[in-house]
Amino acid sequence: MTDEKAPATDANAIVQELIKYEKLPYEHVELTGEIKVPKIKPDAMIKVHAQQLTSKDTLERLGYPTKGLIPNWKEVFLKTMDKMLKKYKSVRLFMDICVRCGACTDKCHYFIGTGDPRNMPVARAELMRKVYRRYFTWPGKLFGSKMVDGWDLSIDVLALWYTYFYQCSECRRCAVFCPYGIDTAEITMAAREILNSVGLVQKYQHEIIDKAQVIGNNLGMQQNAVVNALEFVRDELREETGIEEIDIPIDIEGADVLFVTPSADFFASPHIESLYGYAKVFHQAGISWTMSTHASEGGNFGMFVHSYDHMKRINKRIWDAARALKVKRVIGGECGHMWRVLSSFSNTLWGPFDYLDSKYPRPQHICEFTLDLLNRGALKIDKTANAEFTATIHDSCQIARGMEMGGQKYGQFEIPRGVIKGVCEKFVDMPENTIKERTFCCGAGQGLLGDDMLPTRVKGAMPRMQAYSYVKKQNGVNFMALICAICKAQLSKMFPTYDIEMEEVGGIHQLVGRAIVLGAKEGI
Amino acid sequence: MRSIEFEGKKIELDEDGYLMNLNDWSDGIAKHLAKEDNCELTDAHWEVINFLRSYYQQYQIAPMIKILVKEIKKTMGADKGNTKYLYQLFPDGPAKQACRYAGLPKPTGCV
């Protein structure tokens, strides 16, 4: 080994020691129904580090370094940061315009849950701003870090970045309260991309980004496994309903609708209950639909980092399938970031979709589709099937703070609520400051759902759990309906952690599926 | 990542205790991993583990829990064909704990 390389090897060893994954104990907070600003606990979460991806093949396919921190990391770090600042004008703007008013400080679920001041959105962004001021502003360039309250790049800075940019779920709640609209998610996405470029690649999200591109879905289910799972659900549906015609069509060319949904919907619980619901809605509506083995994933983890290449390639499967199957419209199932990518980004990624029916020029959400049928009286509903439930809704962040649903102002709030109220007699919203555009993250969004993140998952879920326990106590709420696969996985694990039954979490179409009276079609 | 010595062979496990190399699996390894969790493998556990392994051989992924529940119902009776029973056998969750003993990789995605 040459002398030139020796210090760099050390740098990797040092940073690896600083961000080493350790299985840490976690404890839940007592549920009082109140969300309080916590006492500051400096460095409370500094030991929580996401596991890193070490598989050489996977890293190679993703185009990231394969042996940990690269020798010339400082140079590459600044080069990637420069690229991010130039490519994403929003990131540069967000570096410049913060006036430190403090409006965001107590808005992040991870800060409220942990009290770690570095989980205040302004402090998280400051990790990047300190480097920005030092290397990308003229006083910093000329006079150095002291002049601009900046940081010279060091291993410690790198370790702080890796730690705290993987304690942000890119939920954008802070952006709602920022008078300038600074979106910390944009900063986190850029930071993760910069970390990737120097060789610090988080495992959970990137393993999935790879599987979605290579195999076609986040779970890594081969085509025969997808078919086996869907056929199993179809057979169960037929057995349960006694209706031979009910189907989950696969790869049917010429179907009217291509339906895409997270692969968790045909693998995990409670997700799968919604699949039964979707199939019943399509059957009862009498609309020909199909799922696709090529586009067997609705979700798009590519959005979690600022490499649109991954996002674009994952999204491509859906549009290739839509074209190959000659469908007239595309409908998406219950998934948060799927909805944001599908509805807000698809058109600029792979549009225009002039081959679709001109009445449905953009992808629709399954809730939009179901509510329309409900409003037209095309579905016969027996609400007594859900009589045991008093339901509430957890607005998932990527939907609530994404674009409008159904081309309707506030559609992303009103349409899912409309569906629940259409199939369930009793509905109560959680307190105002925890729903709609001010909704709290489930605590595991945007790549933080791995078991390695359990300490932040438990603490980050706390505000949502408090809000739920409030309506549970006040109004007897006993079911939290939602439309995101990550939220379902996270909350069905968190409920028992907070001593609530996991069966109290489920999809909106789980409720729909229970209430639909099949066979009693009243015509569209 | 850690490794264990088993019957004179070094076996590598990932951070969460899953086998790195699926070919390293044997009945003995399953028993060994279970023992580390203070879990004695009974016939009922083996029923689940064997089914997971045969499903994996065909589909390169663990079955969804409903498929597993149905299979258990078929082989072990209606009273055992439910998620609750599987959680009794594998308190850490059948998808994770049972897959680990069966030498299957950890499921990824929103699960």
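Residues numbered from 1 in each chain as written. Chains lettered and ligands numbered in written order. Predicted model: local features only at pLDDT ≥ 70, side-chain atom pairs only at ≥ 80, totals over all residues.

### Notes on the overall build of chain A
Broken down by element type, chain A carries 22 helices and eight strands. For chain A, whose C-alpha radius of gyration is 23 Å, the value lies close to the compact-globule estimate of 24 Å for 524 residues. On the principal axes, the C-alpha backbone points of chain A span a range of 75 × 50 × 40 Å. The buried share of chain A, taken over its 524 residues, is 54%. Considering only intrachain contacts with a sequence separation of at least 6, the fraction spanning at least 24 residues in chain A is 80%. (Helix = DSSP H or I, 4+ residues; strand = E, 2+ residues; numbered from the N terminus. Rg over C-alpha atoms; globule rule 2.2 N^0.38 Å. Buried ≥ 20, exposed ≤ 12 C-beta atoms within 10 Å, placed from the backbone. Contact = placed C-beta atoms within 7 Å.)

### Here's the deal with the overall build of chain B
Along its length, chain B carries five helices and two strands. In sequence order, the secondary structure elements of chain B are arranged as β-β-α-α-α-α-α. Computed over C-alpha atoms, the radius of gyration of chain B comes to 14 Å, within 12% of the 13 Å expected from 2.2 N^0.38 for 111 residues, which places it in the range of a compact globule. Among the 111 residues that make up chain B, the fraction classed as buried is 30%. If you take every contact in chain B between residues at least 6 apart in sequence, the share linking residues at least 24 apart comes to 42%.

### With respect to the packing of helix H8 (residues 155–165) of chain A against helix H10 (residues 184–198) of chain A
Residues and elements named next belong to chain A. Running from N to C, H8 and H10 cross one another at 130°; their axes reach a closest spacing of 10 Å. As summarised for this structure, H8 and H10 are arranged oblique, according to the angle between their axes. The interaxial crossing formed by H8 with H10 has left-handed handedness. For the pair H8 and H10, the contacting residues are Trp161, Tyr162 and Phe165 in the first and Thr188, Ala191, Arg192 and Leu195 in the second. (Axes fitted to C-alpha atoms, helices over the stretch in contact; angles between N-to-C directions. Parallel < 35°, antiparallel > 145°, perpendicular 65-115°, else oblique. Left-handed = near helix turned anticlockwise from the far one by under 90°.)

### Side note on the domain arrangement of chain A
Residues and elements named next belong to chain A. When its domains are assigned, chain A resolves into domain 1 (6–201) and domain 2 (211–428 + 477–515). Between the C-alpha centres of domain 1 and domain 2 the distance comes to 32 Å. If one sorts the elements of the side of domain 1 that touches domain 2 by residue count, H10 sits on top with five residues. Tallied by class, residues from the side of domain 1 that touches domain 2 come to seven nonpolar, two polar and six charged. (Domains from an automatic or database assignment. Nonpolar A, V, L, I, M, F, W, Y, C, P; charged D, E, K, R; others polar.)

### Topic: helix H2 (residues 43–59) of chain B
It helps to recall that an α-helix has 3.6 residues per turn; residues three or four apart then point in one direction. All names here are of chain B. With 17 residues, H2 ought to run about 24 Å at 1.5 Å a step, and its terminal C-alpha atoms sit 24 Å apart, in line with that. The elements touched by buried residues of H2 are helix H1 (27–36), helix H3 (65–76), helix H4 (83–89) and helix H5 (94–101). Phi for glutamine 60, located one or two positions after H2, is positive at around 55°. (Expected span 1.5 Å × (residues − 1).)

### Observations concerning unusual backbone geometry
All names here are of chain A. Residue proline 270 is reached from serine 269 by a cis peptide bond, and omega for that bond is 5°. Structurally, proline 270 can be placed in the loop between strand S1 (257–260) and helix H13 (271–285). In this model, glycine 351 is joined to proline 352 through a cis peptide bond whose omega is 0°.

### Side note on the sheet that holds strand S5 (residues 390–393) of chain A
All names here are of chain A. Ordered by their spatial adjacency, four strands build an open sheet running S6-S5-S7-S8, and the pairing between neighbours is parallel. Strand pairing shows two members of the sheet lacking a second neighbour, strand S6 (426–427) and strand S8 (505–507), which therefore form its edges. Relative to S6, S5 runs parallel, the two sharing two bridges. Bridge assignment links alanine 391 to a residue of S6, and that residue is phenylalanine 427. Packed on one face of the sheet, helix H18 (residues 411–423) meets S5, S6 and strand S7 (479–482) and runs near 170° to S5. Against the sheet, helix H21 (residues 485–497) engages S7 and S8, with an angle of about 160° to S8. (Pairing = 2+ DSSP bridges.)

### Focus on the domain arrangement of chain B
By the assigned domains, chain B splits into domain 1 (2–36) and domain 2 (43–101). Between domain 1 of chain B and domain 2 of chain B, the C-alpha centre-to-centre distance is 20 Å.

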